[in-house]
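Understanding the architecture of this molecule
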Amino acid sequence: MKENPRVFVSDGMDGLARRAGRDLLAPLRAAADCRVWPHVRPAAREDLREELAEAEGVLCLLTDVLDAELLAGCPDLRVISSISVGVDHIDLDAATSQDIVVGNTPGVLTETTADLAFALLLTAGRRVVEAGDFLRTGAWAKSRWAIDSFVGRDLHGATLGIVGLGPIGQAVARRAQGFGMRVLGWSRSGREVLGVRGVALEQLFAEADFVSLHVALTAETRGLIDARALAAMKPGVVLVNTARGGVIDQPALVEALESGQLGAVGLDVFESEPIDAEHPLLGFPNAVLTPHIGSASVETRVRMVDLAVANLLAGLRGEPLPACANPGAER
Ligand code: DGY
């Protein structure tokens, strides 16, 4: 009898399974010889190297960096299935050249991530966290209501510039239209989207009161929002990033907050995660910061795991993946 394929799962996801009320890995356990990372601490690079040395498939998170050097030590690996839409933690070229198919989870997290982007636009624009802290620390009790306290920026009537018009950028555009915003958009391919005025990046920066980033992190988009781009934006602009931290040059961002060029920021993603507790960004009251929770609703996270498990099972069977990030490797 043929042996079940050997699979490594880098996180048992017990908490999410409890919330979902079912064993999310059950289909995988039934079809594969499944080794689930047993520790509370995340699998470190050396752990991954060891665990993947004989694995044929892996179910991983966006925090598991699978670069060329690590993949070179995985001779049996046939399928990588990441529980994320972003795959910048995986060297796709190296995977393709080793005939490893890579699965990801597009589509299922679009609306949830767009909700968070919109929450950050509202929270940063209307200074919700800053004002809440003023109350919680007792500062309000010691003062009074004032006509100019925590005055922020209206979203209605303002111009939103969306950088990247993929599914999440489009979902943010739909929300913005409902809020009575004028919507400008830029995408590398010049994609046309109903209700969004497609413009050059320079025009978007020059006209937008709010800018929201929705591009994948690639060699072309790394540092796209650099000192020049920030200087080209309207003074006092509100900048939101739910894509990847590397899209923004973080030291330039800190400078733009310091100089007041940026009115506020809403950031869910950072160049290095988790962000250091001493990082200068944490010192700005007008920086709304969240720990990479764009897709964090129970329903969406469960849908992501289900799709990732389906990708892994399909790949192990040699079938096309429901969502493949490197179609070149599918034979
Ligand atoms: C992704 O899937 O890439 C998001 O950043 C996290 O859900």
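Being a predicted model, the structure only gives us computed values, none of them experimental.

Among the six residues in strand S11 (residues 262–267), five count as buried, and that is most of the element. Crossover strand S10 (residues 237–241) to S11 through helix H11 (residues 250–259) is right-handed. When S11 meets strand S12 (residues 287–289), the two strands line up parallel, connected through three bridges. Each residue of the ladder has a partner; that of Gly266, found in S12, is Val288.

Within the structure, the ligand sits among Leu62, Ser84, Val85, Gly86, Leu109, Arg244, His292, Ser295 and Met304. Interatomic distance of 2.7 Å between a backbone N/O atom of Val85 and an oxygen atom of the ligand. One of the side-chain N or O atoms of Ser295 is found 2.5 Å from an oxygen atom in the ligand. Contact with the protein chains covers 92% of the free accessible surface of the ligand, which is 230 Å². Across the shell around the ligand, the residue classes tally to four nonpolar, four polar and one charged.

Another aspect to go through is the pattern of salt bridges. Under the defined criterion, the tally for this structure stands at 21 salt bridges. Residues Arg6 and Asp76 are paired through a salt bridge, measuring 3.3 Å at the closest nitrogen-oxygen approach. Highlighted residues: Arg6 in strand S1 (residues 6–9) and Asp76 in the loop between helix H4 (68–71) and strand S4 (79–82), separated in sequence by 70 residues. On the accessibility criterion, Arg6 (29% relative accessible area) is partly exposed. By relative accessible area, Asp76 is classed as partly exposed at 31%. For the salt bridge of Glu111 with Arg175, the shortest nitrogen-to-oxygen distance reads 2.8 Å. Of this pair, Glu111 sits in helix H6 (residues 110–125) while Arg175 is found in helix H8 (residues 167–178), placing the two residues 64 residues apart along the sequence. Classification of Glu111 as partly exposed rests on a relative accessible area of 37%. Look at the salt bridges and you will find they share partners, linking Arg45, Glu46, Arg49, Asp67 and Glu69 into a network.

For the rest of this paragraph, the subject is the state of the cysteines. The term disulfide refers to a covalent linkage connecting the sulfur atoms of a pair of cysteines. A complete count under the given rule lists zero disulfides for this structure. Of the cysteine sulfurs around Cys60, a residue in no disulfide, the closest is that of Cys74, at 11 Å. Here Cys60 falls in the buried class, since its relative accessible area comes to 1%. Cys324 forms no disulfide, and the closest cysteine sulfur to it belongs to Cys60, at a distance of 14 Å.

The five strands lie next to each other as S2-S1-S3-S4-S5, forming an open sheet whose pairing is parallel. Every other strand in the sheet has two partners, leaving strand S2 (33–36) and strand S5 (101–103) as the edge strands with one partner each. On average, adjacent strands in this sheet sit at an angle of 15° to one another, irrespective of strand direction. Two strands pair when backbone bridges link them, and S1 and strand S3 (residues 57–60) are joined in this way by three bridges, in the parallel orientation. From the neighbouring strand, Phe8 faces S3, where its bridge partner is Val58. Strands S1, S3, S4 and S5 of the sheet are contacted by helix H12 (residues 298–317), whose axis makes an angle of about 175° with S4.

Rules used throughout
Residues numbered from 1 in each chain as written. Predicted model: local features only at pLDDT ≥ 70, side-chain atom pairs only at ≥ 80, totals over all residues. Heavy atoms only, no water. Buried < 20%, exposed > 50% of the residue type's maximum accessible area, 1.4 Å probe, protein only. Helix = DSSP H or I, 4+ residues; strand = E, 2+ residues; numbered from the N terminus. Right-handed = clockwise from strand over helix to strand, strands pointing away. Pairing = 2+ DSSP bridges. Near = heavy atom within 4 Å. Polar contact = N/O pair within 3.5 Å; in protein donor to acceptor, adjacent residues only side chain to side chain. Areas by Shrake-Rupley, 256 points an atom, 1.4 Å probe, with all protein chains shown as cover. Nonpolar A, V, L, I, M, F, W, Y, C, P; charged D, E, K, R; others polar. Salt bridge = Lys/Arg side-chain N within 4 Å of Asp/Glu carboxyl O. Disulfide = S-S within 2.5 Å. Axes fitted to C-alpha atoms, helices over the stretch in contact; angles between N-to-C directions. Contact = heavy atoms within 4.5 Å.

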